[in-house]
Every structure is written in structure tokens, then in C-alpha cells.
Amino acid sequence: MSDMGSLDPQDWRAFRAFAHELLDAMLDRQQNADVGPVWRPVPEAVKKRLAEPPPQAPTPLKELRRELDACVLPYAVGNTHPRFWGWVHGSGTPGGALAEMVAATLNANCGGRDHGAIYLERAVVGWARDWFGLPGSANGLLVSGASIANLIGLAVARYRHGGERRVREDGPTGARLTVYASEHAHACIAKALETLGLGRAALRSVPVRADFAMDLAALAERIASDRTAGLRPIAVVATAGAVNTGAFDDIERIADLCARECLWLHVDGAFGALTRLAPELGELTRGVERADSLAFDFHKWLHVPYDAGCILVRDGELLPATFGGRPDYLANVGGLSGGEPWPADLGLELSRGNRALKVWWTIKEQGVRRLGEAIARNCAQAQRLAAALAAEPRIVVAAPVPLNIVCCRYVGEGLDAEALDALNAAIAVSLQERGVAVVSTTRIDERLCLRACITNHRTRDADLDLLVREIVAAGERLI
Ligand SMILES: *Cc1c(COP(=O)(O)O)cnc(C)c1O
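Residue numbers run consecutively from 1 along every chain, following the written order of its sequence. For this predicted model, a pLDDT threshold of at least 70 governs which residues receive local features, and a threshold of 80 or more governs which side-chain atom pairs are given and counted, while totals over whole chains, interfaces and linings are taken from all residues. To obtain the side-chain values, all non-hydrogen atoms of the structure were included, while hydrogens and water were left out.

Things to note about the domain arrangement of the protein
It is common to give the size of an interface as the accessible area lost on bringing the parts into contact. Taken domain by domain, the protein comprises domain 1 (102–366) and domain 2 (369–478). For the domain bounds, the source is a domain assignment made automatically or taken from a database. One C-alpha centre belongs to domain 1, the other to domain 2; they are set 31 Å apart. Here, two residues are considered to be in contact whenever any of their heavy atoms come within 4.5 Å of each other. Tallying the contact residues gives 26 residues for domain 1 and 22 residues for domain 2. At the boundary of domain 1 with domain 2, total buried surface from both sides reaches about 1900 Å², with 72% on carbon and sulfur atoms. Salt bridges are counted wherever a side-chain nitrogen of Lys or Arg sits within 4 Å of a carboxyl oxygen of Asp or Glu. Counting the contacts that link domain 1 with domain 2 gives 0 salt bridges. Gly is put with the polar residues, along with every residue not named as nonpolar or charged; the nonpolar set is Ala, Val, Leu, Ile, Met, Phe, Trp, Tyr, Cys and Pro, and the charged set is Asp, Glu, Lys and Arg. For the side of domain 1 that touches domain 2, the class distribution of residues is 15 nonpolar, 9 polar and 2 charged. Accessible surface is computed with a 1.4 Å probe, and the buried area is the amount of it that two parts give up when combined, taken over both parts together.

Laid out in C-alpha cells, this is it:
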């Protein structure tokens, strides 16, 4: 249907032809994901063009397409390319993109009500709950990513151990609440505590051992001394796959400690938790079934298109207790207003998109086994990369490689530590700017390193061989 007043196409035939052409262009791009530079800087002229004011009149589709081709498509992050290993990015799949098209077409508001997407979300949350061995009474929610999932997990911990209904009413009162996490915990944990009004100082940073896992003796001491000082410990965050090195905290032993100390166990398993899908990696997440809450991402190692994260809470009643309560205009009077419980009662968002469809589609299309195999393959590739780097006389592997992340440092002769930091940063930038590969950087023992995080189902071994050659060549050139 279409009429003159609506925003729908006036000429459906022309729109349909245009849409098919665009779909083919997107499929071409996905089929040729390895062609062209991994990344290229956005030229000043393009930035200027994108900063122009919006048009008052409609833009013809042909012209819109030209702008898309000129200003948008060439300047992607690069994480769909087989040689993208920066930060922790998923690679996406063509099927995931199709699911996004379907979801956008349905345009469901998934804050609640009785429609299909609500049941899809419940299905995928239930699958995840079973993967991690949480009980059937656990509940959960899809969110934009692990940052928000961690915030929600810690909000529930604050509710449960910080005064329940009183904390919703008055905010935290009385003794200062504290939360414990490894010094390699993700920065979003501190942000969450700031947002929850507990303050950054509520985060008690616990030292790590040589393998970058939390030092549990130090954790126990810190809790004891905080209690003595009159503070009120409420939760421990165990990291399952730390962002710097892929290190895993010992969840089982942290669960023992939390049981002894009556503390909430929150697991940040943003990418690492999904090693659970690879039978040979199952040991890493031992104890995760004892978590009170678990945050992880579908958009990282499961390659669901951005954005899709998940929070699971063991005691399903605690999510609506922390976030529930709806005003008159959202009351359930039956019919479409049913579908309890509404996701809006389990988290922060009311209007929210259909994240479930692309998650459901990806898992259905690929099957769990294949997704797990892709994760295991990335870990094997990281071992191979680490061995190849270690064999280079000018390269030092800077941290153990328990998972999919390799940190290394190019060490040229005659340079002091600061100059080497600058050299390694320059190597990363040079690889990026020449479009050869994307690695990011971090600091291990305070020294800047190149960091390759292989969450990429398109990476072939030859891509990693090329990375080693390119790091050596860039190091020799830039020194
Ligand atoms: C990526 C990451 C986060 C943050 O997740 P987003 O999806 O980027 O919000 C949190 N913790 C760890 C360990 C991560 O790797």
C-alpha cells in the first residue's frame, strides 16, 4: 500500500529494483570481505560532507546511493575483514545481516507486550542459561552489550545486598558498599559503580598473579581489611576472559569464597564465557554455573551483528524486584498488553529493538557446534601466532596466551623503554593506515604492546603469517 501522505515509496516498482540492487551490493561486499584495505582513514572532505545540514526536500534514491558509496561504505571499522584483530570485535555474518533486515521490517518495540519477539528473546535467554548451567528459575535480558549487562548485574547485587526496597527508594545509605574485581577487570565495572552511585572508590582492585588471574589470597585479605574498616563488601566480579590477555579468574574458587563471605558473585564473561560452547575449552568456565549473575556478549565471539549483549541472573525474581513496576499507561489489561514479564521490568530500557531475532537466527543458522568450533579455532590460531612471534629475534611475547589474545612487543636494539613504547604504537598505526591489518595496543607491566585479539571466523593461518612478517618489516623500517 502507499498513498501520497505516507513516508512509504510512491513508486514501489522502482524502490524494489533499487532495494534488490543494494542487497546485491551488500552481498558482494560480504562475499569479498578479504578484498581491499582492512581500514582506511576518513578523508577531511568526507568528514566535511557528512557534517552538512539535513535536506529539507527528499533526496532521490540514486543520489542517496551515490553518497552511501562515496561517504559511508569505504570507511568501515574493518572488523568484517579476516585481518582485523583490534580490541574485541565480532566479525558479523551475512545471515546476521539478513536477520537485521527482517527485524527492521517488523520494527517491533521489545519493551514488552504480547508478540513474537518477546518469545524469541525468552528462547535465546533460555538457551544461554542452559549453556552456562544456570537453573531454570534464572532470568535474563538482551542488552546493548556487556557494559550494560555488567551494570545491570551489579545493580541487582546492590539491590540484594544493599538494602533491597530501601536502596530503590533512598539510594545507598549507611556503610559504604564495596565491590571486588581484578586489576585487569574491564573499565566498564568502575563506570557501572559510578553510575550506581556507589562511586569509583567502591571498586576494590585486586592484584593479579603472573598468569594475570586474580590473586585470591589478596582478594580475601582485602575483603577482611575492608570489613574491619567498617565498609560493607557486597560483590566480587570474576572476569572470564580479561580484555588485555584473555586471562580467566578461577570462578570455582571465587564462588567458594563468595559462599563463605555471603557475597554476590558476578561474572564478566563478555567474550570468554562463550568458550563454554567449545567442549575442549569447557574447563575455563568451571564454576560459572554458580554465578549469581553473568554478563556476556553475542556480538563478540558469536558474531551476531552489533549490538547484542546479555545479562543472566540466577534468582529470576531479583530482576523485576530491582527494576520492575509499571505506570498506568503500561498496565497489562490483557490482549496485546499481556506477555508478562515485560523486558522493561527486567532492565533499564522501555523502547528497545529486536535484538533477539539476529541472535536466534545466528544460533539456528550456524548451530551451536559450529559456533563453538570457530571459537576453538581462534584459540588454536592464537597459539600458532604466539609461537611464530616468539621465533622472531626482535619480538617478545609479553603475556601468557590462555585464550585468543596475543600481546607482543617489538624490541629494537639501542632504544630505551619509552622509545620502544613509541615504536610499538607506530607499528600498530602503520599497519592500520596502510590497511594491511588491524591490531590494537595495550600495556602489560606498564609497557606498551601490540595486541592481537582473534575473535574472527574469517581469519586464515596465512593472514597471521602475514601479520608476523609485517610487524617485523614495520619495526625495521620505523626504528
Ligand atoms: C568488551 C568487554 C566488555 C564491554 O562489553 P561491550 O559489549 O563493549 O559493552 C566488558 N568486559 C569485557 C571483559 C570485555 O571484553
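Moving on from the coordinates now.
Quick notes on the site of the ligand
Taken together, 14 residues lie near the ligand, and S147, D268, D297, H299 and K300 sit nearest. Whenever a nitrogen or oxygen atom comes within 3.5 Å of another N or O atom, the pair is scored as a polar contact, on the condition that within protein one atom can donate a hydrogen and the other can accept it, and that pairs from neighbouring residues in sequence are kept only if both atoms are in side chains. A distance of 2.9 Å is found between an oxygen atom of the ligand and a side-chain nitrogen or oxygen belonging to H299. Here the ligand, which alone exposes 380 Å², has 86% of that area covered by the protein. In terms of residue count, helix α6 (residues 146–161) provides more of the shell around the ligand than any other element does, 3 residues in total. Considering only residue class, the shell around the ligand consists of 5 nonpolar, 6 polar and 3 charged. Whether a residue is near a molecule or strand depends on its heavy atoms: it is near if one of them lies within 4 Å of it. Per-residue and other accessible areas were derived by the Shrake-Rupley procedure at a 1.4 Å probe size, with only the shown protein chains allowed to occlude residues. Helix numbering and strand numbering both begin at the N terminus, where a helix is a DSSP run of H or I of at least 4 residues and a strand a DSSP run of E of at least 2.

Quick notes on the nonpolar core
Core analysis: the biggest nonpolar cluster contains 67 residues, and F132, V236, F296 and F298 have the highest contact counts within it. Each of domain 1 (102–366) and domain 2 (369–478) gives at least three residues to this core. Excluding its chain neighbours within four sequence positions, the residues that come into contact with V236 are Y180, M214, L219, I223, I254, L257, C258, L263, W264, L265 and H266. Core analysis: the second largest hydrophobic core is formed by 33 residues, L151, L154, A185 and I311 among them. Side-chain atoms within 4.5 Å are what join buried Ala, Val, Leu, Ile, Met, Phe, Trp, Tyr and Cys residues into a set we call a nonpolar core. Each residue gets one of three labels from its accessible area relative to the maximum for its type: buried under 20%, exposed over 50%, partly exposed in between, using a 1.4 Å probe on protein chains only.

Things to note about the environment of W360
Of note, W360 is situated in helix α12 (residues 355–366). Taking the C-alpha atoms as reference, W360 lies 47 Å from P393; in sequence the two are 33 residues apart. Residues contacting W360, with those up to four places away along its chain left out, are L120, V124 and W127.

Digging into the sheet that holds strand β3 (residues 177–182)
Following DSSP output, two strands are said to pair if at least two bridges run between them. Strand order in this open sheet of 7 strands is β2-β8-β7-β6-β5-β3-β4, and the pairing throughout is mixed. The open sheet is flanked by β2 (139–143) and β4 (203–206), the only strands paired with a single partner. The sheet shows a mean angle of 20 degrees between the axes of neighbouring strands, taken without regard to direction. Pairing of β3 with β4 involves 4 bridges; the strand directions are parallel. Fitted lines through C-alpha atoms give the axes, limited to the stretch in contact for helices. The angle between two N-to-C directions lies from 0 to 180 degrees.

Considering unusual backbone geometry
With omega at -5 degrees, the peptide bond leading from Y306 into D307 counts as cis. Inspection of the secondary structure assignment puts D307 in the loop between β7 (293–297) and β8 (309–313). Along the chain, E340 connects to P341 via a cis peptide bond; the corresponding omega equals -5 degrees. Here P341 lies in the loop between α11 (318–323) and α12. The backbone phi angle of N107 is positive, close to 50 degrees, even though this residue is not glycine.

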